[in-house]
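Notes for the structure review
Single-letter residue listing:
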Amino acid sequence: METHTSSARHVLRTAGTTIAICLFAVACRDDTPPSGPPSSGTTSAREVSGHSVHTVAAARDHQYGADDFTKDFALERCTFASTGKNAYFNLTPGNVLRLSGQDGDESVVLRITVLNQTKQFGNVRARVIEERESKNGELVEVSRNYYAMCTQNNSVFYFGEDVDFYEDGRIVSHEGSWRHGVNGARAGLIMPGLPLLGARYYQEVAPGVALDRAMITSVNATVRIPAGRFTGVLAIEETTQFEPGVTGHKNYAPGIGLIRDGVLSLVRAGSSDAEND
């Protein structure tokens, strides 16, 4: 959702050509990569599988520095909405995604729900999306993530999150929490309205807390998971300056959203009224 959506924990769940990148209509920049071996612009089978490939991450860190990821998004040019959707991200209240998978000897379930709640950030009203993660049936994390859509280009921005970590049914930490406008934190881009191959951008801009970055490695991948075969899939590689050499992978299917996050794969997508958990 650190759908995202989501948080830094999900980013690190498992350990070509030179182009001028315009992420969306309100903020363009020339992200010409530095000299060195160029990226192929495609996603290998190992990358799409969701497994962490440390050699790939190390190469990315060597090839791209912090300044090669867009972090200024001209938010003042946007009119924001707390509902709506683009091809890969849905802010419609009641929308639910459920993912599950095996992480070592732990069975992990992640439930992502778009709540009928909003959070105000200055003149921006953001939608609340809740992520609940359980391991072996025990709740380990609940995060409330705040997103708003720029109506000019359908890009979805991430305005922060409040995180609760649980042990034995009790909250033990709020690590990773941040909010736009607090302690120098600024909203990042969670999903461009027009994803472009090779685009690189910050998803979270919270110094000392969360500096997650994304690079689009495919805009037309084919992904097979237990829920089915998906085409036209967006593949994103995620890194953070706090964990050099570590990378995460997420896949988003058009019309659905997140279908794979590291070892987790989509089990169910629909509305909260259809959930029987």
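If you're wondering where the values come from, they're calculated on a predicted model, not measured in any experiment. (Residues numbered from 1 in each chain as written. Predicted model: local features only at pLDDT ≥ 70, side-chain atom pairs only at ≥ 80, totals over all residues. Heavy atoms only, no water.)

As a further point, take the overall build of the protein. Counting its secondary structure elements, the protein contains 3 helices and 18 strands. Considering the protein as a whole, with its 277 residues, one finds that 53% of them fall into the buried category. (Helix = DSSP H or I, 4+ residues; strand = E, 2+ residues; numbered from the N terminus. Buried < 20%, exposed > 50% of the residue type's maximum accessible area, 1.4 Å probe, protein only.)

With that out of the way, let us pick up the environment of Tyr147. Here Tyr147 lies in strand β7 (residues 138–150). For the pair formed by Tyr147 and Ile129, sequence separation is 18 residues and the distance between their alpha carbons is 7.6 Å.

Turning our eyes to something else, we now look at the state of the cysteines. Within this structure, the stated rule accounts for 1 disulfide. The residue that forms a disulfide with Cys78 is Cys150, at a sulfur-sulfur distance of 2.2 Å. Where Cys78 bonds to Cys150 through sulfur, the torsion about that S-S bond is close to -90°, and the disulfide is left-handed. With Cys78 in the loop between α3 (54–63) and β3 (80–81) and Cys150 in strand β7, the pair connects residues that are 72 residues apart, well separated along the chain. Side by side, Cys78 and Cys150 carry an identical accessibility label, which is buried. (Disulfide = S-S within 2.5 Å.)

Next up on the list: the nonpolar core. Counting residues in hydrophobic clusters, the biggest one holds 53 residues, and the most contacted among them are Phe80, Phe157, Phe159 and Met191. In terms of residue count, the dominant contributor to this core is strand β5 (residues 106–121) (6 residues). Once you skip the residues sitting within four places of it in the chain, Phe159 turns out to touch Phe80, Phe121, Val124, Tyr146, Ala148, Trp178, Arg179, His180 and Ala187. (Core = buried A, V, L, I, M, F, W, Y, C linked by side-chain atoms within 4.5 Å. Contact = heavy atoms within 4.5 Å.)

As a further point, take the environment of Arg144. Mapped onto the fold, Arg144 is located in strand β7. Sequence separation between Arg144 and Glu131 is 13 residues, and the spatial gap between their C-alpha atoms is 6.5 Å. Leaving out residues up to four positions away in the same chain, Arg144 has contacts with Leu115, Gln117, Val128, Ile129, Gly160, Glu161 and Asp162. There is a polar contact of 2.7 Å between the side chain of Arg144 and the side chain of Gln117. (Polar contact = N/O pair within 3.5 Å; in protein donor to acceptor, adjacent residues only side chain to side chain.)

Next up on the list: the pattern of salt bridges. Under the definition given, this model contains 5 salt bridges. Where Glu130 meets Arg132, a salt bridge forms, and the shortest distance between an N and an O atom there is 3.8 Å. For Glu130, a relative accessible area of 15% corresponds to the buried category. Look at Arg132 and you get partly exposed, because its relative accessible area is 33%. Ionic pairing is found between Asp162 and Arg179, a salt bridge with its closest N-O pair at 2.7 Å. Of the two residues, Asp162 sits in strand β8 (residues 155–167) while Arg179 sits in strand β10 (residues 178–179), which places them 17 residues apart along the sequence. Using a relative accessible area of 30% as the deciding quantity, one classes Arg179 as partly exposed. (Salt bridge = Lys/Arg side-chain N within 4 Å of Asp/Glu carboxyl O.)

Our next topic: unusual backbone geometry. One non-glycine residue, Ala74, lies in positive phi territory at about 50°. Along the chain, Ala74 turns up in the loop between α3 and β3.

What the rule picks out here adds up to 9 aromatic pairs. A ring pair is formed by Phe121 and Tyr146, whose centres lie 5.5 Å apart and whose planes are at 55°; its orientation type is tilted. Here the residue Phe121 occupies a position in strand β5, and Tyr146 occupies one in strand β7, the gap between them amounting to 25 residues. You can call Tyr146 buried: its relative accessible area is 3%. Their ring planes at 35° and their centres at 5.7 Å tell us that Phe121 and Phe159 sit as a pair that is tilted. Of this pair, Phe121 sits in strand β5 while Phe159 sits in strand β8, placing them 38 residues apart in sequence. (Phe/Tyr/Trp six-rings, centres within 6.5 Å; stacked < 30°, edge-to-face > 60°.)

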